[in-house]
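Understanding the architecture of this molecule
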Amino acid sequence: MRQFEIKWAVFDYGGVLAEEGFVAGLKAIAEQENLDPDTLFESTRDLIHDTGYLTGKVLEETFWREFRKQTGIQRTDDDLRNQILSRFKIRPWMLDIVQELKKAEINTAILSDQVNWLDELDVRDDFFKYFDRVYNSFHVGLSKIETDIFDELITWLNASPAEILFVDDHPGHTRRAESRGLQTIHYQDRQGFTVRLSQLCPTITSA
């Protein structure tokens, strides 16, 4: 019999399971183009939402076309996307923890504000196999900027909110999850994450 209440551990991808390639890639592009990195990131973050690319309403080529119009950066889709995708690096120690959770009979899932890139990253790194469910904003049509996605997550997992642990590096996302009753960890660094996880799941030795 399990000694803790959590039945599902749900992880963000970029910034939690992997290094944050979107931020790092845009920073590299900004530096190469002599632009302010923060300004480029903020405008691109807004654009990926506003075009509907994040929730699968438009295709990638539409997003990059609007990106070029907005920024004046005249580079190919392949060049721009590779700057981002090449910087998503899986954290092996996180996958070790995921496997320990599963051994402790805790189901695992991904909930990511990602586009078609997540599927391509899985082809490259083969990490979906570690998870019972994968929910990607591009496919489910909802983003973590909306509380509705957490209501849907509760339904998808067929669990009570208190039985779900949600881990994300964005404090706004964890606040929205908490408002729906989920247990959360705001990921900031490995040490803080593992300390908090060991409090919630004391049998996880990797933490």
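Everything below is about the structure shown above.
Below is a summary of the structure that appears in this document. (Residues numbered from 1 in each chain as written. Predicted model: local features only at pLDDT ≥ 70, side-chain atom pairs only at ≥ 80, totals over all residues. Heavy atoms only, no water.)

**Side note on the overall build of the protein**
Per the secondary structure count, the protein includes 10 helices and 5 strands. By the compact-globule yardstick of 17 Å for 207 residues, the protein fits well, its C-alpha radius of gyration being 17 Å. Across its three principal axes, the protein shows a C-alpha extent of roughly 60 × 30 × 30 Å. Looking at the protein residue by residue over its 207 residues, the buried ones come to 50%. Taking as baseline every contact in the protein between residues at least 6 positions apart, the subset at least 24 positions apart corresponds to 64%. As displayed, the protein has an accessible area near 9,900 Å², and 45% of this comes from carbon and sulfur atoms. Once the 24 positive and 36 negative side-chain charges of the protein are each reduced to a mean point, those two points are 2 Å apart. (Helix = DSSP H or I, 4+ residues; strand = E, 2+ residues; numbered from the N terminus. Rg over C-alpha atoms; globule rule 2.2 N^0.38 Å. Buried < 20%, exposed > 50% of the residue type's maximum accessible area, 1.4 Å probe, protein only. Contact = heavy atoms within 4.5 Å. Areas by Shrake-Rupley, 256 points an atom, 1.4 Å probe, with all protein chains shown as cover. Lys, Arg positive; Asp, Glu negative; His and termini not counted. Charge placed at Lys NZ, Arg CZ, Asp CG, Glu CD.)

**What about the packing of helix α5 (residues 92-103) against helix α10 (residues 190-200)?**
At a closest axis distance of 12 Å, the pairing of α5 and α10 adopts a crossing angle of 5 degrees. Classified by the interaxial angle, the pair formed by α5 and α10 is roughly parallel. Across the interface between the two elements, W93, M94 and I97 of α5 pack against R190, F193, T194 and L197 of α10. Here the residues of the contact of α5 with α10 are counted per class, giving 5 nonpolar, 1 polar and 1 charged. (Axes fitted to C-alpha atoms, helices over the stretch in contact; angles between N-to-C directions. Parallel < 35°, antiparallel > 145°, perpendicular 65-115°, else oblique. Nonpolar A, V, L, I, M, F, W, Y, C, P; charged D, E, K, R; others polar.)

**Considerations on the packing of aromatic side chains**
On inspection of all chains with the given rule, the structure shows 17 aromatic pairs. On the numbers, 6.4 Å between centres and 65 degrees between planes, the contact of F11 with F131 is edge-to-face. Taken together, the residues span a long stretch of sequence, with F11 in strand β1 (residues 8-11) and F131 in the loop between α6 (117-125) and β3 (133-136) at a distance of 120 residues. With a relative accessible area of 1%, F11 lands in the buried category. Ring-pair connections join several aromatic residues into one group, and the members of that group are Y53, F63, W64, F67, W117 and F138. (Phe/Tyr/Trp six-rings, centres within 6.5 Å; stacked < 30°, edge-to-face > 60°.)

**Some thoughts on the packing of helix α1 (residues 21-32) against helix α4 (residues 77-85)**
Where α1 meets α4, the axes come as close as 7 Å, and the angle between the chain directions of the two elements is 130 degrees. Classed by the angle they form, the pair α1 and α4 counts as oblique. Counting all contacts with α1, which are made through G21, F22, G25, L26, A28, I29 and Q32, the residues of α4 involved are L80, Q83 and I84.

**What about the pattern of salt bridges?**
If you walk through the whole model with that rule in mind, you get 15 salt bridges. One salt bridge in this structure joins E33 and R75, with 3.1 Å as the shortest N-O distance. Of this pair, E33 sits in the loop between α1 and α2 (37-50) while R75 sits in the loop between α3 (60-71) and α4, placing them 42 residues apart in sequence. Across the pair K69 and E66 runs a salt bridge, and its minimum N-O distance is 3.5 Å. Taken as a pair, K69 and E66 lie in helix α3 at a separation of 3 residues, close to a single helical turn. Where salt bridges share partners, they join D12, K144 and D168 into one cluster. (Salt bridge = Lys/Arg side-chain N within 4 Å of Asp/Glu carboxyl O.)

**Remarks on the environment of L101**
In this fold, L101 is placed in helix α5. Since its relative accessible area comes to 0%, L101 is described here as buried. L101 sits 102 residues away from T203 along the chain, and the two C-alpha atoms are 8.9 Å apart. Here L101 is in contact with A9, F11, I106, T108, C201 and I204, once residues within four sequence places are set aside.

**A word on the nonpolar core**
Core analysis: the largest hydrophobic core is formed by 52 residues, its most contacted members being F11, Y13 and F193. Sort the elements by how many residues they give to this core and α5 lands first, with 6 residues. Other than its neighbours up to four places away in sequence, Y13 contacts A18, F88, I90, S112, Q114, L118, L121 and F127. Among the nonpolar cores identified, the runner-up in size contains 16 residues, and V10, I154, L157 and F166 belong to it. (Core = buried A, V, L, I, M, F, W, Y, C linked by side-chain atoms within 4.5 Å.)

Taken by themselves, the reported measurements are silent on function.
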